[in-house]
Amino acid sequence: MKPRTIYAALLCLSVALTAATACKPAEPEEIYHIVTTICEDASSAVTVNYHCSGSKSYVLVAKADDVAFRKAKKVKPVCRTWSTVGIENTATESTFYTKERYVCNATLTGLEADTRYIYKIVAGKTETDARQFKTAGQQGPWSFVAFTDFQHRENPVTLPLVQMMKEMFSPDLVVCSGDHIDVAGNEYEWSFILDNDIFRDFVYAASPGDHAYWACDKVNGGYPQYDKPYTFVNLFKFPDNGSPTSPGSSYYFYYNNVLFVALDMNNSDVASGSRFDEEAVWFRETMERLQGTYQYLVVFMHKSVYGSDLVDPAVARNIRPQWAPLFQEYQVDLVLSGHDHIFSRTNAMEGGTFYLDMGSSGDKKRRPDSTMWENTARYAKVIDLIDEEISCACHVEVDDTCLNVTVYDQNRQVVDSFRIPRKGGN
Ligand SMILES: [Fe+2]
C-alpha cells in the first residue's frame, strides 16, 4: 500500500471513530434498590429510597388515578455519593465497595391522608415503571403485615411468602423485625429481597437484625462485624427521631391509631452497654412524651425478649432485664421479633404485653429448646418449624377494641392467632 493510501485510510478510520464516539448514546442510568419507607406521620409523607448511578434524578408523584402522571409533582431527592470504602471490615469484593453510587432519598410531603399514589423515578433517559403506595389516615379497622428473618439469599420461601401475604391482604404497611440478609456487606444478598416485582407497592418499616452488622464473609472462622448498620441505613431512610446512638435504626412512627417503635438490638456479640442504655433512655423519654397520643403500642425489634434462653443466651441475660420492665411500664401491646428462628408466642405478660417471635420468614429454622414446651407460664404457643416444615408471616388487624393477630404459614394455613384487647386509658 502506498503511503498516501495508508494516510487516507488512517484519516478515514480516525474520522469514523470520532463520529462513532460523538454519536455514542449515553449509558442509561441505573436505578435500583427502590423502597418506599415510612415517615413519622404516615398519613402525610413517605420516603422514596433508591440507589442511582447518576447524580441527577427525580421522583414524579401523582394520585393513583392519574395514570399518565399529567398532574404529577416533581420531587428532587437528597443524594449523596456512597460506597463501603473506608468502613472497617467491609467486604472488598462486594459491589457496595467496588461501585460508588448515589444514595437518594426523596421524602414526599404534603400528601393527602388515606390516599393512593403512584410514583416513578427518572434519571436521564431511564424511567422506572410506576409503583404505588397508600397513605395512612383511614377511619375504622385496618391491618398490617409483619415478617422476620428472610435472611438468606435465594431461599425458595421468602418471596412466595411475601407474595402470598400481598395476595391475601393487600397490605399498605409491611414491617420486618430484621435479618433481611446473612452478610450485610454483600450487596447481592440485599438485591434478592429488594430488586424484584414482589417486594414493592407497600410502605415499609424495618428494624435492623444482628446480621445488618455482618460486614463480610467468614474470615478465620468468624464473621467480622460493622460497628454500625451501614448498609441498612443507606438502603432505608427511616424517621430521624430515634436514639442519638442508633440514628436511622431506631425510630417511631404513627400509623392510624397505632404508635410503632423500632429498636436496634445491635450485632451478634453485643447485648448490653452504652448504646443499649442510651436507647433505653430514649425509649423512656419518647414514651413519656407521646403518652395519650395513640390507642395501641407496637414494638418491633430483632432479638426476642422472651425467645429461646439458649440460642443467644445474652438476650435472656441482658436484653430481657433491660427491656421487659420498660415494656411493662409503658404497657406495650405487642412486641414483634425474630432472631432465634424459633416460633414462640407468650401469654399476656405483666403490663399486658404479648411477645411474638415470628420465627422465620425464610428457610433458616431451629428447633425449640426442650424447656420451651413445658414453660406454659410463659408461652401460649411454641412451634417446631422444622418438624412442621413451615415458615411464618403475620397479619395484624386493628380496630377500636383490639389487635387481632394471625400467623400464617406459606400454605395459607393459620398456625397461631390471638387477640390483644385495647387497654383502658389508651
Ligand atoms: Fe436471623
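Residues numbered from 1 in each chain as written. Predicted model: local features only at pLDDT ≥ 70, side-chain atom pairs only at ≥ 80, totals over all residues. Heavy atoms only, no water.

Participant: Quick one: what's the story with the overall build of the chain, residue by residue and with numbers?
Facilitator: Helices and strands together make up the secondary structure of the chain, namely nine helices and 22 strands. On the principal axes, the C-alpha backbone points of the chain span a range of 100 × 55 × 40 Å. The 426 residues of the chain split such that 57% are buried. The long-range share in the chain, meaning contacts at least 24 apart out of those at least 6 apart in sequence, stands at 68%. Counting every atom, the chain has about 17900 Å² of accessible surface; 51% of that belongs to carbon and sulfur. (Helix = DSSP H or I, 4+ residues; strand = E, 2+ residues; numbered from the N terminus. Buried < 20%, exposed > 50% of the residue type's maximum accessible area, 1.4 Å probe, protein only. Contact = heavy atoms within 4.5 Å. Areas by Shrake-Rupley, 256 points an atom, 1.4 Å probe, with all protein chains shown as cover.)

Participant: Describe the environment of Val 183, naming the residues involved and giving the relevant values.
Facilitator: One can find Val 183 in the loop between β11 (173-176) and α4 (187-194). Classification of Val 183 by relative accessible area gives buried; the value is 2%. Setting aside chain neighbours within four positions, we find Val 183 in contact with Glu 189, His 211, Trp 214, Ala 215, Cys 216, Asp 217 and Tyr 223.

Participant: Tell me what's going on with the side chain of Arg 200, and back it up with residues and numbers.
Facilitator: Its place among the elements puts Arg 200 in the loop between α4 and β12 (203-206). You can call Arg 200 buried: its relative accessible area is 9%. Reaching out from Arg 200, the side chain makes a polar contact with the side chain of Asp 197 at a distance of 3.3 Å. Setting aside residues no more than four positions away along its own chain, Arg 200 makes contact with Asp 129, Ala 130, Arg 131 and Lys 166. (Polar contact = N/O pair within 3.5 Å; in protein donor to acceptor, adjacent residues only side chain to side chain.)

Participant: Mind laying out the environment of Cys 52, listing which residues take part and the relevant values?
Facilitator: With respect to the secondary-structure elements, Cys 52 resides in strand β2 (residues 46-52). The class of Cys 52 is buried, set by a relative accessible area of 0%.

Participant: Which residues make up the packing of aromatic side chains, and what are the values?
Facilitator: Scanning the entire structure with this criterion turns up 33 aromatic pairs. Look at Phe 169 and Tyr 408: their rings are 5.4 Å apart centre to centre, the planes differ by 55°, and that puts the pair in the tilted class. In this pair, Phe 169 is assigned in helix α3 (residues 158-169) and Tyr 408 in strand β21 (residues 402-408), connecting sequence segments 239 residues apart. Ring geometry for Tyr 251 against Phe 253: centres 6.3 Å apart, planes inclined by 25°, an arrangement best described as stacked. (Phe/Tyr/Trp six-rings, centres within 6.5 Å; stacked < 30°, edge-to-face > 60°.)

Participant: Describe the sheet that holds strand β15 (residues 296-303), with residues and values.
Facilitator: With respect to topology, seven strands assemble into an open sheet ordered β13-β14-β15-β16-β18-β17-β19, the strand pairing being mixed. With partners counted over all chains shown, the strands left at the sheet margins are β13 (251-255) and β19 (379-383), one partner each. Pairwise comparison of adjacent strand axes, ignoring direction, gives a mean angle of 15° for this sheet. Across four bridges, strand β17 (residues 343-346) lies against β19 in antiparallel orientation. Residue pairing in the sheet places Ser 344 in a bridge with Val 382 of β19. (Pairing = 2+ DSSP bridges. Axes fitted to C-alpha atoms, helices over the stretch in contact; angles between N-to-C directions.)

Participant: Residue-level account of α4, with values.
Facilitator: A large share of α4 lies buried, amounting to six of its eight residues. All of the buried residues along α4 are Glu 187, Glu 189, Trp 190, Phe 192, Ile 193 and Leu 194. Where the residues of α4 are buried, they touch β1 (31-38), α2 (95-98), β6 (101-108), α3 and α5 (230-235).

Participant: How would you explain the coordination of the iron ion if you had to name every residue and give the values?
Facilitator: Binding of the iron ion to the protein goes through Asp 149 (OD), Gln 151 (OE1), Asp 179 (OD) and His 341 (NE2), at separations of 2.0 to 2.3 Å. Here the iron ion binds four donor atoms, and the angle range of 83 to 172° at the metal identifies the geometry as irregular. Mapped onto the sequence, the donors of the iron ion take the spacing D-x1-Q-x27-D-x161-H. Residues Asp 149 and Gln 151 agree in their burial class; the two are buried. (Donors = N, O, S within 2.8 Å, 3.2 Å for Na, K, Ca; no water. Tetrahedral: all angles 85-135°; square planar, octahedral: opposite > 155°, others 65-115°.)

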